[in-house]
Amino acid sequence: MERTPDGRYVVVNGRRWRATDPRLPEEVAARLRRALMAARRDVGAALRSGDAEAEAAARRRVHAAKVALGERGTPWWEQGAEERRERWEAGLAELDA
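Small disclaimer: the values here were computed from a predicted structure and weren't measured. (Residues numbered from 1 in each chain as written. Predicted model: local features only at pLDDT ≥ 70, side-chain atom pairs only at ≥ 80, totals over all residues. Heavy atoms only, no water.)

**Quick look at helix α1 (residues 26-49)**
The end-to-end C-alpha distance of α1, which contains 24 residues, comes to 35 Å, matching closely the 34 Å that a straight helix rising 1.5 Å per residue would cover. Looking only at α1, the buried set comprises Val 28, Ala 29, Ala 30, Leu 32, Leu 36, Ala 39, Val 43, Gly 44 and Ala 46. (Helix = DSSP H or I, 4+ residues; strand = E, 2+ residues; numbered from the N terminus. Expected span 1.5 Å × (residues − 1). Buried < 20%, exposed > 50% of the residue type's maximum accessible area, 1.4 Å probe, protein only.)

Take a look at the structure:
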C-alpha cells in the first residue's frame, strides 16, 4: 500500500484515502478494524435481505468505526493527543453499546 509523503493518506488505485491515526494503540486499532469489518458485512447482509433499517444501523456503525480510526471527521493531524484519545474512546464506547 502506498502512502503520501506526509503519511496522512494511503493511495489505492490512484485514489487518496485518509490513513488510520498512526498513534492509535495497536490493540485499539485492531478492535476498531474488527468492528468495521463486521459492520461492513452487516451492510451487505442487509442489502441482500432488503432490510433498510438494518442497513442504516450497520452504516452508522461503519461511520462510527471510521471516525474512531481517524479516517473520517476532524483530521487526526489537527487534533491534540487528548482529542485523539477521546475520539477513539468514544468510538469504542459507541460500538460496544
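Still more ground to cover, so stick around.
**Considering the layout of surface pockets**
Gaps left between atoms are located by rolling a probe of water-molecule size over the structure's atoms. Each pocket or cavity is described by its volume, and for the largest pocket that value is around 240 Å³. Around the largest pocket, the lining residues are Trp 17, Arg 18, Thr 20, Arg 33, Leu 36, Met 37, Arg 40, Lys 66, Leu 69 and Glu 71. Counting only elements with at least two residues in the lining of the largest pocket, the list comes to β3 (15-18), α1 and α2 (52-69). Broken down by element, the residue count for the lining of the largest pocket peaks at four residues, all from α1. (1 Å grid on protein atoms, 1.4 Å probe; cavity = no way out; pocket = protein on both sides within 12 Å on 5 of 7 lines; lining within 4 Å. Points joined across faces, edges and corners; volume = space filled by probe spheres on them.)

**Details of helix α3 (residues 81-96)**
Helical geometry note: an α-helix holds 3.6 residues per turn, so side chains three or four residues apart project in the same direction. The end-to-end C-alpha distance of α3, which contains 16 residues, comes to 23 Å, matching closely the 22 Å that a straight helix rising 1.5 Å per residue would cover. Of all the residues in α3, the buried ones are Arg 84, Arg 87, Trp 88, Gly 91, Leu 92 and Leu 95. What you see down the axis of α3 is that its buried residues fit within an arc of 125 degrees, all on one side. Residues Glu 94 and Asp 96 are exposed on α3 and point more than 90 degrees away from its buried face. (Arc of directions from axis to C-beta.)

**Some details on unusual backbone geometry**
One non-glycine residue, Asn 13, adopts positive backbone phi at about 50 degrees. By relative accessible area, Asn 13 is classed as exposed at 81%.

**Looking at the nonpolar core**
Residues Leu 24, Val 28, Leu 32 and Trp 88 are the most contacted members of the largest nonpolar core, which totals 16 residues. Taken together, the elements giving at least two residues each to this core come down to α1, α2 and α3. (Core = buried A, V, L, I, M, F, W, Y, C linked by side-chain atoms within 4.5 Å.)

**Comments concerning the pairing of β3**
By the bridge criterion, four bridges tie strand β2 (residues 9-12) to β3 in an arrangement that is antiparallel. Bridging from a neighbouring strand, Val 11 pairs with Arg 16 of β3. Hairpin remark: β2 followed by β3, antiparallel, with two residues in the connecting loop; positive phi at Asn 13, about 50 degrees. (Pairing = 2+ DSSP bridges.)

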